[in-house]
Amino acid sequence: MIKEVLLLLSVAVAAISGIPVESPSGSHFWEDDLENYFQDIIDNQNYDGGSIGVIKNGRMVFSRAYGTIGDRNLHPSTIMPISSISKTITAVAILQLAEQGYLGLEDEVFGDEGLLSYIKPVSGLPIDKRIQDITVDHLLRHAAGWVETHPPVYDPMMNEVYREMGDSKVVDIAKAMNVEGFLTQYDLIRFVITTPLEFTPGTRSAYSNFGYCVLGRVIEEVTGTSYEHYVKKHILIPAGMTHTRIGARFEDEDIVLQYDEGDLMNSQYIHSIVAPEFLDSTLGWYSNVYDLSRFVGCLLGQNGCSLLRTDSVKYLMEKPPLPDLIHNHEWEGISMVVTDEGALW
């Protein structure tokens, strides 16, 4: 089984922020310790390979790649799908726009006064009125009311993948929408907002790929440009992330392009069915260790690069004020898992 390991952000951020990076036994990592620890993760969790980068005081102090994918040795520069780290990029873009006054985190997204007021439910189908209460903050915190583990919709972003695998319990969204060919993101949103929510927005959390698809369209609506163009101009270029892009390019010499069919943990399998451009703001980005380390460094305002104000970075990682998270020691920050100890991944 091929899976990707891209970057242990908990290690990288701990090093950046001056928190001692320790092994499970409590001893400080030397390079050999770190290599052994990461190699154990590769071996014990059935990964074929992966890469890791550690930065301290704004400088890369350690980078390694382990294993192979197919017949290719991996390198720290190898470009791989970064899966849900795509959501972190999207969250940073939203918080930038909030800082600049283009939107408010409490702004409603749907309904006549919403940021996406032009997206209407499918004609003739009922709408859960609570959908009009969904805010930007709810989408960021996976608290909008969708649960992607429940039938018949499950995760709407993966609808084509489920159907390709022959899952008869999953609704055929394209057929339900009378769409011939591929669904657009707007088709998908129109369909989903005709289905009932699983819970009232803001009352609990449930991981949602779809919520970040909606945030991508919010970015496009308030900026008047494409999601990808905004991110390139305001995040990738300022951070020096020259190898980060949506989807793979076959002319790239060092990029992962192999997968095991039916492996839902493998982004390349998913992207062979659903275009990365469709998954853009939720699962569509590709990058490498060096670019992701630059991204983390810029989030923390190092080396003269700053993507967000300090208060926005704090919001990015703070525990959401949701009843189901009050006693949790870890939680979904804005698209990353954060712990009480301050580590994130």
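Just so you know, these numbers come straight off a predicted model, no measurement behind them.

Student: Just to check I follow, could you spell out the pattern of salt bridges for this structure?
Tutor: Opposite charge on two side chains makes pairing possible when the charged atoms of those side chains draw close. The full count for this structure, using the stated rule, is 12 salt bridges. The closest approach of N and O atoms between Glu35 and Arg64, which form a salt bridge, is 3.3 Å. Placement of Glu35 in helix H2 (residues 31-44) and of Arg64 in strand E2 (residues 59-69) is noted, with a sequence separation of 29 residues between them. Where Asp172 meets Arg163, a salt bridge forms, and the shortest distance between an N and an O atom there is 3.0 Å. You can call Asp172 partly exposed: its relative accessible area is 23%.

Student: Looking at this structure, I do not really get the state of the cysteines. What am I missing?
Tutor: Defined simply, a disulfide is a covalent bond joining two cysteines at their sulfur atoms. By the definition in use, this model includes 1 disulfide. The disulfide that involves Cys298 links it to Cys305, with 2.0 Å between the sulfurs. Judged by the sign of its S-S torsion, about 115°, the cystine formed by Cys298 and Cys305 is right-handed. The buried category is assigned to Cys305, whose relative accessible area is 11%.

Student: Where do I start with the packing of helix H3 (residues 85-99) against helix H13 (residues 310-317) in this structure?
Tutor: The angle between the axes and the distance between the axes are what describe a pair of packed helices. Look at H3 against H13: their axes get within 11 Å of each other, and the N-to-C directions meet at 140°. One way to sum up the angle between H3 and H13 is to call them oblique. Viewed along their axes, H3 and H13 form a crossing whose handedness is right-handed. Between H3, through Ala91, Leu95 and Glu99, and H13, the contact on the second element is made entirely by Ser312, Tyr315 and Leu316. Broken down by class, the residue content of the contact of H3 with H13 amounts to 4 nonpolar, 1 polar and 1 charged.

Student: Looking at this structure, how should I read the nonpolar core?
Tutor: General note: in soluble globular proteins, nonpolar side chains tend to be found buried as a group. With 81 residues, the main nonpolar core has Phe110 and Leu140 as its most contacted residues. Dropping the residues within four chain positions of it, Phe110 is found in contact with Leu116, Ile131, Gln132, Ile134, Trp146, Ile189, Ile193 and Val214. Formed by 8 residues, the second largest nonpolar core is a distinct cluster that contains Leu34, Ile42, Phe62 and Tyr66.

Student: Mind showing me how you'd approach the environment of Thr68 here?
Tutor: With respect to the secondary-structure elements, Thr68 resides in strand E2. Separated by 19 residues in sequence, Thr68 and Gly49 have C-alpha atoms that sit 5.3 Å apart. With residues near it in sequence (within four places) discarded, Thr68 still touches Asp48, Gly49, Asn73 and Leu74.

Student: Teacher, can you tell me more about the sheet that holds strand E4 (residues 80-81) here?
Tutor: Two modes of strand pairing occur in sheets, parallel and antiparallel, and in both the strands are linked by backbone hydrogen bonds. Pairing within the open sheet is antiparallel, and its 3 strands lie in the order E4-E6-E5. Taken across any chain shown, the strands that pair with only one partner, and hence form the sheet edges, are E4 and strand E5 (245-246). With 2 bridges joining them, E5 and strand E6 (residues 285-287) adopt antiparallel strand pairing. What sits directly across from Arg245, in E6, is Tyr286.

Rules of the game
Residues numbered from 1 in each chain as written. Predicted model: local features only at pLDDT ≥ 70, side-chain atom pairs only at ≥ 80, totals over all residues. Heavy atoms only, no water. Salt bridge = Lys/Arg side-chain N within 4 Å of Asp/Glu carboxyl O. Helix = DSSP H or I, 4+ residues; strand = E, 2+ residues; numbered from the N terminus. Buried < 20%, exposed > 50% of the residue type's maximum accessible area, 1.4 Å probe, protein only. Disulfide = S-S within 2.5 Å. Axes fitted to C-alpha atoms, helices over the stretch in contact; angles between N-to-C directions. Parallel < 35°, antiparallel > 145°, perpendicular 65-115°, else oblique. Left-handed = near helix turned anticlockwise from the far one by under 90°. Contact = heavy atoms within 4.5 Å. Nonpolar A, V, L, I, M, F, W, Y, C, P; charged D, E, K, R; others polar. Core = buried A, V, L, I, M, F, W, Y, C linked by side-chain atoms within 4.5 Å. Pairing = 2+ DSSP bridges.

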